[in-house]
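Structural characterization, general
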Amino acid sequence: MNELVWINGDVSPLADAKVGVEDRGYQFADGVYEVIRLYDGRPFTLREHLERLEKSSAGIRMALPMSVAALSAEILQFVTRTKVRDGMIYLQATRGCSARNHVFPKNCPPTVLFYARHLSPLPAPGEGPGARLHTVPDERWKRCWVKSIALLANVLAKNEAVEAGADEAVFVEDDPKLGRIVSECSASNLFVVKGGRVVTAPVGPKVLPGITRLVLAQVAKQSGVEFVERPVRLDEALAADEVFITSTTREISWVGTWDGKTVGNGRCGPVTLRLHQALRERIPSETSSLVGAA
Ligand code: PLP
């Protein structure tokens, strides 16, 4: 495959690359990450991803070793060297390699790495089978706005969903005032559509500020679709006209079933379709130009 990886400024074959056994990412999941989409060899919404990375790093009190601008230039240069045209960049920054100790090490440079990976083309908006959701209790920490590499609760939830014959797990929690509320999924944000209005939970303790969610909010505004951020109850979500989920790798997936029950009329709804088409139209203008990449 000849895949390459960039680690702290050096590019080497991915298969030969090494990270220390005492890297804090490996021992404590002490790090943050990003998944950035590549369309036709160009990263999509790169600046937004790197700004979120900076916020996630600040959220775990870790200073990145380089600025967003410098990291962006490295990524753009790397992209010209990989053969991957349509796929993703996986980027991870950990607190570095140091003798195992819960206390933050001093003068320990973070380990920053990224590589590109091919992804199969997605179905056209509205096509393909609907996603199948499965409800799970939310056992995650309260800083889900940090894109942390500590994903064990998400991994267990997703596997529970797959074992139940579904594709994605939806986290549900009991709110003392509102009852059962849904926040997001194991690897995607969640949206319900009722009466033409899109409703989604606000970002915060239990919701990652998804970059696709951000773009979706913008295209909804431009398309004249009302976009509301407020807690979403499970019962209203199950009674929605349409439900869809978003992420960098899936863009928008319409939801066909939830806990085995059909959502809406069991087809991709008109609002979901319109927003997905609008999102696709944004791709050419939002992909970072490689012109000027050193
Ligand atoms: N929520 C969670 C928990 C995720 O892991 C992800 C993506 O991995 C998302 C939401 C969607 O975020 P984005 O649109 O930036 O990919």
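Here, every reference points to the structure presented above.
Attention in this report is confined to the structure presented alongside it. Please read these numbers as outputs of a predicted model, since none were measured by experiment. (Residues numbered from 1 in each chain as written. Predicted model: local features only at pLDDT ≥ 70, side-chain atom pairs only at ≥ 80, totals over all residues. Heavy atoms only, no water.)

As a further point, take the sheet that holds strand β3 (residues 31-39). Ordered in space as β2-β1-β6-β5-β3-β4, the six strands form an open sheet in which the pairing is antiparallel. Two strands lie at the open edges of the sheet, namely β2 (10-13) and β4 (42-43), each paired on one side alone. Across four bridges, strand β1 (residues 4-7) lies against β2 in antiparallel orientation. In the strand pairing of β2, isoleucine 7 is matched with aspartate 10. Across the sheet, helix α2 (residues 46-59) is in contact with β3, β4 and β5 (87-94); its angle to β3 comes to roughly 175 degrees. (Pairing = 2+ DSSP bridges. Helix = DSSP H or I, 4+ residues; strand = E, 2+ residues; numbered from the N terminus. Contact = heavy atoms within 4.5 Å. Axes fitted to C-alpha atoms, helices over the stretch in contact; angles between N-to-C directions.)

Moving on: the site of the ligand. For the ligand, the set of nearby residues contains 17 residues, the closest of which are Arg52, Glu184, Ile211, Thr212 and Thr248. One of the backbone N or O atoms of isoleucine 211 is found 2.8 Å from an oxygen atom in the ligand. In this structure, an oxygen atom belonging to the ligand sits 2.6 Å away from a side-chain N or O atom of threonine 212. At the level of secondary structure, the elements contributing two or more residues to the shell around the ligand comprise β9 (179-185), α5 (211-222) and β14 (242-247). A class-by-class count of the residues in the shell around the ligand yields five nonpolar, nine polar and three charged. (Near = heavy atom within 4 Å. Polar contact = N/O pair within 3.5 Å; in protein donor to acceptor, adjacent residues only side chain to side chain. Nonpolar A, V, L, I, M, F, W, Y, C, P; charged D, E, K, R; others polar.)

All right, on to the nonpolar core then. Residues Leu50, Leu71, Ile75, Ile89 and Phe114 are the most contacted members of the largest nonpolar core, which totals 24 residues. Of all the elements in the fold, those that place two or more residues in this core are β3, α2, α3 (68-81), β5 and β6 (111-118). The contacts of isoleucine 89, once residues within four sequence positions are left out, are Glu34, Val35, Ile36, Leu38, Ile75, Val79, Phe114, Tyr115 and Ala116. (Core = buried A, V, L, I, M, F, W, Y, C linked by side-chain atoms within 4.5 Å. Buried < 20%, exposed > 50% of the residue type's maximum accessible area, 1.4 Å probe, protein only.)

Before going further, it helps to examine the packing of α5 against helix α7 (residues 270-286). Remark: α5 packs on α7, axes separated minimally by 9 Å, with the N-to-C direction vectors making an angle of 105 degrees. By the angle between their axes, α5 is roughly perpendicular relative to α7. Of α7, the residues touching α5 (which contributes Thr212, Val215, Leu216, Gln218, Val219, Ala220 and Gln222) are Leu275, Ala278, Leu279 and Arg282. Its residues assigned to classes, the contact of α5 with α7 shows seven nonpolar, three polar and one charged. (Parallel < 35°, antiparallel > 145°, perpendicular 65-115°, else oblique.)

Here we take up helix α4 (residues 152-163). Counted at 1.5 Å a residue, the expected span for α4 with its twelve residues is 16 Å, and the 16 Å between its end C-alpha atoms agrees. Inspection of α4 places Asn154, Ala157 and Ala161 among the buried residues, and these make up the whole buried set. Summarising the axial view, the buried residues of α4 lie within an arc of 65 degrees, below the 170-degree limit, and thus occupy one face. Projecting away from the buried face of α4 at angles above 90 degrees are the exposed residues Leu152, Leu156 and Glu163. Taken together, the buried residues of α4 touch β7 (131-137) and β8 (168-175). One or two positions beyond α4, positive phi appears at glycine 165, with a value near 85 degrees. (Expected span 1.5 Å × (residues − 1). Arc of directions from axis to C-beta.)

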